[in-house]
Structure formats: C-alpha cells, structure tokens
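# Remarks on the overall topology
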Amino acid sequence: MDALTTPRIGLAPSVVRFLLCAALVAAVSFVGARLTASEIPTWYAGLVKPGWTPPNIAFPIVWTTLYGLMAICLWRLWDRAPQGPDRAKAIWLFLLQLALNGLWTPVFFGLHAVGPALAILLALIVAVLATMRLAFRADEVAGWLLIPYLPWLCYAASLNAAILFLN
C-alpha cells in the first residue's frame, strides 16, 4: 500500500474522521436545504432573474456534488495531511468558508437580504481561495477537491449580483 491508501492512524479512526467531516458538511447542507425549500416556489419564483439562471433542479445536483467534495477535502486535511501550520490553517480556513457558506442561505432566502448575501458570497470566495492555497500546500489532493467549488461560487455571485440589480 502507498501513502494515499494507507491511513496515518489506522482504518477505524480514519473512518470516524471521514464520517465526522461528512456529518459536518451534511449538516450545513441540510440546514440550507430546509431554509431554501419553502422560498423557491414563493419569494425566489417572484424575483426577476438573469437569462443565465439555471433551472431549479440544477442547484441541488451541483451542491450535493460540491458538498461531497468538500467533505472529502476536510477529511484529507484532517486525516492525510502531515501535521504542521499549513494543515492547521487550512482546516481553520475550511471551517471559516463553511460557516460563510452556511450563512449565505439564511441571509439570502430567509431574510431576503440580497445585497448582504452578495457581500457574504464575495467573502466566501476570498475564504475559499485562501483555503485552496493552504490546502494545496498541506495536501495537494485536498486542494484539487476544491477546484470545482470556486467557479460555481463565482457563477453564484454573478447570479446574486444580477438579482440584486434586477430587483
């Protein structure tokens, strides 16, 4: 077995760490989904949206994929990256970006505060860039796992900005 398939600390603790990472990311996803569900056919449906808005079905498909990659990224940082300042900072930045991710939904969909939501989204993009920078240094695979997240966030920011402008 090589370094990519052999857990640093044994299989059982590695599996537990993975499940904890998955549970944390899934909790953020679940809360967001619960807050969003009732607003899609009501408030969100009444907004003027740009022509590049995807169909509503695209959002849960994309977010489920991204949250899965994020959970694996966090697990790799916690379980596979060598101890050191890059690893520790990458984990803290990951948690910061996850908090910002979780904050966007109640601000946008719960409070209908499109402008503040855009500010959160821009801060989230900066936090993800910082997380990626350190993740690549701590564990290259973890860095790569965040690559699809960044363009989606930029796309989401363009949608959020257009909704702000159009409404």
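The sections below set out a description of the structure shown in this document. Please read these numbers as outputs of a predicted model, since none were measured by experiment.

Quick look at the overall build of the chain now. The helix and strand tally for the chain stands at six helices and zero strands. Along the chain direction, N to C, the helices and strands of the chain fall in the order α-α-α-α-α-α. With respect to the principal axes defined by its C-alpha atoms, the chain has extents near 55 × 25 × 25 Å. Scored against the burial criterion, the 167 residues of the chain give a buried share of 44%. Look at the contacts in the chain between residues 6 or more apart in sequence, and 79% of them connect residues 24 or more apart. Taken as a whole, the chain presents about 8600 Å² of accessible surface, with 76% of it coming from carbon and sulfur.

A full pass over the atoms with the stated rule returns four salt bridges. Ionic contacts of the salt-bridge type, sharing partners, join the residues Arg17, Asp79 and Arg80 into one network.

Spanning 27 residues, helix H1 (residues 11-37) covers 38 Å between terminal C-alpha atoms, matching the ideal 39 Å at 1.5 Å per step. Along H1, the positions that sit buried rather than exposed are Ser14, Arg17, Cys21, Val25, Val28, Gly32 and Thr36.

Bringing the packing of aromatic side chains into the picture now. The tally for this structure, following the rule as stated, stands at 13 aromatic pairs. Relative to Trp152, the ring of Phe59 has its centre 5.9 Å away and its plane inclined at 70°; by these criteria the two rings are edge-to-face. Here Trp152 lies in helix H6 (residues 149-166) and Phe59 lies in helix H2 (residues 58-79), a separation of 93 residues in the sequence. Comparing Phe59 with Trp152 shows no difference in burial state: the two are buried. With 5.8 Å between their ring centres and 85° between their planes, Trp104 and Phe109 make a pair best called edge-to-face. In this structure, Trp104 and Phe109 share a single accessibility class: buried. Here a set of aromatic residues connected by ring pairs shows up, and it is made of Phe59, Trp63, Tyr67, Tyr149, Trp152 and Tyr155. Looking at Lys49, its charged tip hangs above the ring of Tyr44, at a distance of 4.5 Å from the centre.

What follows is about the packing of H2 against helix H3 (residues 85-110). Put simply, H2 and H3 touch, their axes get as near as 9 Å, and they point 155° apart. One way to sum up the angle between H2 and H3 is to call them roughly antiparallel. Crossing geometry of H2 relative to H3 is assigned as left-handed. Packed against H2, whose contacting residues are Trp63, Tyr67, Met70, Cys73, Leu74, Leu77 and Trp78, the element H3 presents Arg87, Ala90, Ile91, Phe94, Gln97, Leu98 and Asn101 at the interface. Across the contact of H2 with H3, the residue classes break down as 11 nonpolar, two polar and one charged.

Calculation criteria
Residues numbered from 1 in each chain as written. Predicted model: local features only at pLDDT ≥ 70, side-chain atom pairs only at ≥ 80, totals over all residues. Heavy atoms only, no water. Helix = DSSP H or I, 4+ residues; strand = E, 2+ residues; numbered from the N terminus. Buried < 20%, exposed > 50% of the residue type's maximum accessible area, 1.4 Å probe, protein only. Contact = heavy atoms within 4.5 Å. Areas by Shrake-Rupley, 256 points an atom, 1.4 Å probe, with all protein chains shown as cover. Salt bridge = Lys/Arg side-chain N within 4 Å of Asp/Glu carboxyl O. Expected span 1.5 Å × (residues − 1). Phe/Tyr/Trp six-rings, centres within 6.5 Å; stacked < 30°, edge-to-face > 60°. Lys NZ or Arg CZ within 6 Å of the ring centre and 35° of its normal. Axes fitted to C-alpha atoms, helices over the stretch in contact; angles between N-to-C directions. Parallel < 35°, antiparallel > 145°, perpendicular 65-115°, else oblique. Left-handed = near helix turned anticlockwise from the far one by under 90°. Nonpolar A, V, L, I, M, F, W, Y, C, P; charged D, E, K, R; others polar.

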